[in-house]
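# Chains, contacts and geometry: an overview
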Amino acid sequence: DVVLTQTPLSSPVTLGQPASISCRSSQSLLASDGNTYLSWLHQRPGQPPRLLIYRISYRVSGVPDRFSGSGAGTDFTLQVSRVQAEDVGVYYCMQFTHSPYTFGQGTKLEIK
Amino acid sequence: VQLMESGGDFIQPGGSLRLSCGASGFTVDYHFLIWVRQAPGKGLEWVAVISDIGHTSYVDSVRGRFTISRDNSENTLFLQMNNVRVEDTAIYYCAAGVAVPGGYDYWGQGTLVTVSS
């Protein structure tokens, strides 16, 4: 199974400052069709997950442009350019290039 | 587009339960659909997928016990859970890839399954 390792697991950030989350895969997520099925999701307490980014770097409609995704192969990053109060919660990377689909452990973003 | 899960309950080990995920705003037979679960205080775990052409796949821990299916006439996704275990206790979410190519962009609110004797 593909193991996704997120770092850090906890990220205290000052409002207005940037945040970065890494997701490292145990094997390449490049699929045979040329796409890389790596997504980023955000979950607030008591809420379902919400898709932010798909295929590494494509932002879902309605997601603020302060969120960006990058990477390739086995190393991926989610960046938040200026953290806002509503950005708190847990961020997960998810891959479905390979079965079984897998998630990272989650990174808790909190405000200092 | 909306997804609404139902069917979660308190159930004893070894019992059976069927979860439903009613869809609106899109038709289930044209999209990939998944079930994802989250044990209390834990992270997300993928459970099963059904493709647009009906192919299914499962995480090892539920294969042979759970069955994912859909009813196009009811526009509903199902998860039949048999021989449940204590470790199946979780909130179960359904999700669909609808408007974006290569992502699961719509999620339900979840339904709680508690397995305990």
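Scroll up a little and you will see the structure.
Residues numbered from 1 in each chain as written. Chains lettered and ligands numbered in written order. Predicted model: local features only at pLDDT ≥ 70, side-chain atom pairs only at ≥ 80, totals over all residues. Heavy atoms only, no water.

### Describing the interface of chain A and chain B
- With 17 residues of chain A in contact, the opposing surface of chain B contributes 21 residues.
- Counting each side, the surface lost to burial between chain A and chain B is near 1,600 Å², with a carbon and sulfur contribution of 67%.
- Scanning the region where chain A abuts chain B turns up zero salt bridges.
- In the side of chain A that touches chain B, the residues fall into 12 nonpolar, four polar and one charged. (Contact = heavy atoms within 4.5 Å. Buried area = accessible area lost by both parts, 1.4 Å probe. Salt bridge = Lys/Arg side-chain N within 4 Å of Asp/Glu carboxyl O. Nonpolar A, V, L, I, M, F, W, Y, C, P; charged D, E, K, R; others polar.)

### A look at the nonpolar core
- One finds Trp40(A), Phe103(A), Ile34(B), Trp35(B), Leu79(B), Tyr92(B) and Tyr104(B) to be the most contacted residues of the largest nonpolar core, which totals 70 residues.
- Not counting residues up to four positions away in its chain, the partners in contact with Phe103(A) are Leu4(A), Leu41(A), Tyr92(A), Cys93(A), Met94(A), Val36(B), Leu44(B), Glu45(B), Trp46(B) and Trp107(B). (Core = buried A, V, L, I, M, F, W, Y, C linked by side-chain atoms within 4.5 Å. Buried < 20%, exposed > 50% of the residue type's maximum accessible area, 1.4 Å probe, protein only.)

### Let's talk about unusual backbone geometry
- For the peptide bond that leads from Thr7(A) to Pro8(A), omega is -5°, which places it in the cis range.
- Summarising the element assignment, Pro8(A) is placed in the loop between β1 (4-7) and β2 (10-13).
- Along the chain, Ser99(A) connects to Pro100(A) via a cis peptide bond; the corresponding omega equals 5°.
- Secondary-structure assignment places Pro100(A) in the loop between β9 (89-95) and β10 (102-103).
- Phi at Ile56(A) is positive, roughly 75°, even though this residue is not glycine.
- A residue is classified by how much of its surface remains accessible, and Ile56(A), at 13% relative accessible area, is buried.
- With a phi close to 55°, Asn75(B) is a non-glycine residue in the positive phi region.
- Following the sequence through the fold, Asn75(B) ends up in the loop between β7 (66-71) and β8 (76-81). (Helix = DSSP H or I, 4+ residues; strand = E, 2+ residues; numbered from the N terminus.)

### Description of the pattern of salt bridges
Residues and elements named next belong to chain A.
- Tallied over the full model, the rule gives seven salt bridges over all chains.
- For arginine 66, the salt bridge goes to glutamate 86, with nearest N and O atoms at 3.4 Å. In this pair, arginine 66 sits in the loop between β6 (58-59) and β7 (67-72) while glutamate 86 sits in the loop between β8 (75-80) and β9, placing the two residues 20 residues apart along the sequence.
- Overall, arginine 66 belongs to the buried group, its relative accessible area being 12%.

### Notes on the pairing of strand β4 (residues 38-43) of chain A
All names here are of chain A.
- Within β4, six of the six residues are buried, which leaves it mostly tucked inside the rest of the structure.
- Side chains of β4 alternate between two faces, with Leu38, Trp40 and His42 and Ser39, Leu41 and Gln43 buried alike.
- Judged from the six bridges that link them, β4 and β9 form a sheet pairing that is antiparallel. For histidine 42, the partnering residue across the bridge sits in β9 and is tyrosine 91.
- Pairing geometry for β4 and strand β5 (residues 50-54), over three bridges, is antiparallel. In the sheet register, tryptophan 40 faces β5, and the bridge partner there is isoleucine 53. (Pairing = 2+ DSSP bridges.)

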